[in-house]
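One-letter residues, chain by chain:
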Amino acid sequence: MQELHDAPLAPLTTFRLGGPATRLVTATTDAEVIEAVREADDSGTPLLVIGGGSNLVIGDKGFAGTALRIATRGFELRGTTLELAAGEIWTDAVARVVEAGLAGIECLAGIPGSAGATPIQNVGAYGQEVSSTITEVIAYDRRAGETVALTNADCAFSYRHSRFKADPQRYVVLRVRFELEDADGLSAPLRYAETARALGVAPGDRVPLARARETVLKLRAGKGMVLDPEDHDTWSAGSFFTNPILTDADFAVFRARVRGRLGEDVEAPAYPAGEGHTKTSAAWLIDKAGFTKGYGTGPARISTKHTLALTNRGTATAEDLLALAREVIAGVREVFGITLVNEPVTVGVSL
């Protein structure tokens with residue numbers, strides 16, 4: 001294991017901000033991961049687990065404890081069953097699966113971060129979520145002090161949520177297993193209207209896997225959602241806020257508020273979200289509340305390509321970013337009565 005002291009953490013995050021860790025350990029095997037976790041737990045040392053750093057906001061004071069960077073590698077494909085080590089780069093894994101001719105995660109192309117983070121957040125985009133293909137997560141249970149296997153049902157997946165996110169101090173993901181589909185080189189049925197339109201097909205249709213992946217990458221790049229060191233619109237955590245899910249009663253109140261504010265002919269986006277619930281668009285709320293693309297004058301601003309991404313223009317601090325996030329939250333709440341919830345994990349700071 002590599003060990004550094006007073007180690008900068010900003011370079012390990014896609015925001016490129018945040019202070020140092022007292023100690024940074026990089027683990028390249030499952031055994032090293034477990035060893036580092038046990039050492040921290042036995043000594044009562046605070047522990048921060050870092051994968052790809054794409055969903056992380058670290059405070060300017062940094063982290064007083066041990067930061068564990070998981071850099072394990074492992075890609076094993078047996079028929080339609082895929083096993084990924086937690087440290088595998090997700091975008092690379094998707095590309096290899098598409099190249100192997102298997103469907104199920106092709107619309108998750110271009111999402112930054114590591115494979116081990118995908119079940120925590122139940123990563124999803126363009127009509128796919130990892131919960132639809134994950135069969136098992138191998139994790140170290142810090143409470144029990146042992147390695148455990150959790151089935152899909154055990155993971156308690158829901159929209160951008162899971163058992164791991166609900167109890168973040170208990171599990172450290174080591175490996176993730178997926179069951180994919182051999183559809184003769186075709187994608188899974190397309191479930192997202194924007195993707196289907198871009199491909200010139202109808203929702204529910206299948207297209208060649210490579211075409212699906214390439215189309216999603218183009219759509220994401222157009223919104224600044226594919227990492228590019230030269231493009232500050234990608235110095236972000238992707239979508240900073242989750243899409244609000246409202247009860248039908250709350251949605252009716254919201255709908256009336258929209259019409260009162262924006263006009264009787266204006267309808268807010270609405271998507272089914274389970275019995276008695278409706279999901280609306282955080283990006284739409286932000287835009288209609290007056291926070292348009294490129295909003296801001298400081299070093300932290302809304303992306304020029306997508307209102308849902310908050311970005312570091314190069315010299316931002318964590319506090320600059322959080323000030324912008326708080327401004328957006330307050331503005332949306334004032335206009336629409338909805339409180340946005342941040343998607344990235346915050347360390348040493350809060351909204």
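Report on the accompanying structure.

Cut-offs used in this document
- Residues numbered from 1 in each chain as written.
- Predicted model: local features only at pLDDT ≥ 70, side-chain atom pairs only at ≥ 80, totals over all residues.
- Heavy atoms only, no water.
- Helix = DSSP H or I, 4+ residues; strand = E, 2+ residues; numbered from the N terminus.
- Rg over C-alpha atoms; globule rule 2.2 N^0.38 Å.
- Buried < 20%, exposed > 50% of the residue type's maximum accessible area, 1.4 Å probe, protein only.
- Contact = heavy atoms within 4.5 Å.
- Areas by Shrake-Rupley, 256 points an atom, 1.4 Å probe, with all protein chains shown as cover.
- Phe/Tyr/Trp six-rings, centres within 6.5 Å; stacked < 30°, edge-to-face > 60°.
- Lys NZ or Arg CZ within 6 Å of the ring centre and 35° of its normal.
- Salt bridge = Lys/Arg side-chain N within 4 Å of Asp/Glu carboxyl O.
- Core = buried A, V, L, I, M, F, W, Y, C linked by side-chain atoms within 4.5 Å.
- Expected span 1.5 Å × (residues − 1).
- Arc of directions from axis to C-beta.
- Axes fitted to C-alpha atoms, helices over the stretch in contact; angles between N-to-C directions.
- Parallel < 35°, antiparallel > 145°, perpendicular 65-115°, else oblique.
- Nonpolar A, V, L, I, M, F, W, Y, C, P; charged D, E, K, R; others polar.
- Pairing = 2+ DSSP bridges.

Re the overall build of the chain
Each helix and strand in the chain was counted, giving 9 helices and 18 strands. Over its C-alpha trace the chain gives a radius of gyration of 20 Å, about what one expects of a compact globule, namely 20 Å for 351 residues. Each principal axis of the C-alpha distribution contributes one length, and for the chain these read about 60 × 50 × 40 Å. A buried classification covers 49% of the 351 residues belonging to the chain. Restricting the contact set of the chain to residue pairs at least 6 apart, pairs at least 24 apart contribute 61%. Accessible surface, the chain: about 15300 Å² in total, of which carbon and sulfur atoms supply 49%.

Details of the packing of aromatic side chains
On inspection of all chains with the given rule, the structure shows 9 aromatic pairs. Their ring planes at 40 degrees and their centres at 5.9 Å tell us that tryptophan 90 and phenylalanine 178 sit as a pair that is tilted. Here tryptophan 90, found in helix H2 (residues 90–99), pairs with phenylalanine 178, found in strand S12 (residues 171–179); they are 88 residues apart in sequence, far enough to count as distant. Note on accessibility: tryptophan 90 and phenylalanine 178 belong to one class, buried. Of the aromatic side chains, those joined through ring pairs into one cluster are Phe251, Phe254, Trp284 and Phe336. For arginine 96, the ring lying beneath its charged end belongs to phenylalanine 75, and the centroid distance is 3.8 Å. For the cation-ring pair, lysine 279 lies above tyrosine 159, with the distance from its terminal atom to the ring centre recorded as 4.5 Å.

Things to note about the pattern of salt bridges
Summed over the entire model, instances satisfying the criterion amount to 19 salt bridges. Note that arginine 206 is salt-bridged to glutamate 181, the shortest N-O span being 3.0 Å. Of this pair, arginine 206 sits in the loop between helix H5 (193–199) and helix H6 (209–222) while glutamate 181 sits in the loop between S12 and H5; the two residues are 25 residues apart in sequence, bridging distant segments of the chain. When its relative accessible area of 33% is taken as the criterion, arginine 206 is described as partly exposed.

Here's the deal with the nonpolar core
In terms of nonpolar packing, the biggest core is built from 53 residues, with Val33, Leu68, Trp90 and Phe178 touching the most fellow members. At 6 residues, S12 tops the list of elements feeding residues into this core. In this structure, valine 33 is in contact with Ala27, Leu68, Ile70, Thr72, Val172 and Leu174, ignoring residues within four places of it in sequence. With 35 residues, the next largest nonpolar core counts Leu17, Leu310, Ala318 and Ile338 among its residues.

Focus: H6
Between the first and last C-alpha of H6 there are 20 Å, a value that for 14 residues agrees with the 20 Å anticipated at 1.5 Å per step. Taken as a whole, H6 has its buried residues at Leu209, Ala212, Thr215, Val216, Leu219 and Arg220. Angularly, the buried residues of H6 cover 135 degrees about the axis, an arc narrow enough to put them on a single face. Of the surrounding secondary structure, the elements contacted by the buried residues of H6 are H2, strand S8 (124–125) and H5.

Remarks on the side chain of threonine 307
Checked against the element boundaries, threonine 307 lands in the loop between strand S16 (300–302) and strand S17 (310–312). For threonine 307, the residues in contact, after removing those within four places along its chain, are Ala283, Ile286, Asp287, Phe291, Thr292, Lys293 and Ile302.

Describing helix H1 (residues 30–43)
Owing to its 3.6 residues per turn, the α-helix brings residues three or four apart onto one side. With 14 residues, H1 ought to run about 20 Å at 1.5 Å a step, and its terminal C-alpha atoms sit 20 Å apart, in line with that. Glycine 44 lies just past H1 and shows a positive phi near 75 degrees.

Side note on the packing of helix H7 (residues 248–262) against helix H9 (residues 318–336)
Contact pair H7 / H9: the axes reach a minimum separation of 9 Å and the direction vectors enclose 90 degrees. Taken together, the axes of H7 and H9 lie roughly perpendicular to each other. Only Arg333, Glu334, Val335 and Phe336 of H9 make contact with H7, whose side of the interface consists of Phe254, Arg257, Val258, Arg261 and Leu262. Its residues placed into classes, the contact of H7 with H9 shows 5 nonpolar, no polar and 4 charged.

Some thoughts on the sheet that holds strand S11 (residues 146–151)
Strand order across the open sheet formed by 5 strands is S6-S7-S12-S10-S11, with antiparallel pairing between neighbours. Every interior strand has two partners, whereas the edge strands, strand S6 (75–78) and S11, have only one. With strand direction ignored, the average angle separating the axes of adjacent strands in the sheet is 20 degrees. Pairing geometry for strand S10 (residues 134–141) and S11, over 6 bridges, is antiparallel. Bridging across to S11, aspartate 141 finds its partner in glutamate 146. Helix-sheet contacts for H1 involve S10, S11 and S12, and the interaxial angle to S12 is about 150 degrees.

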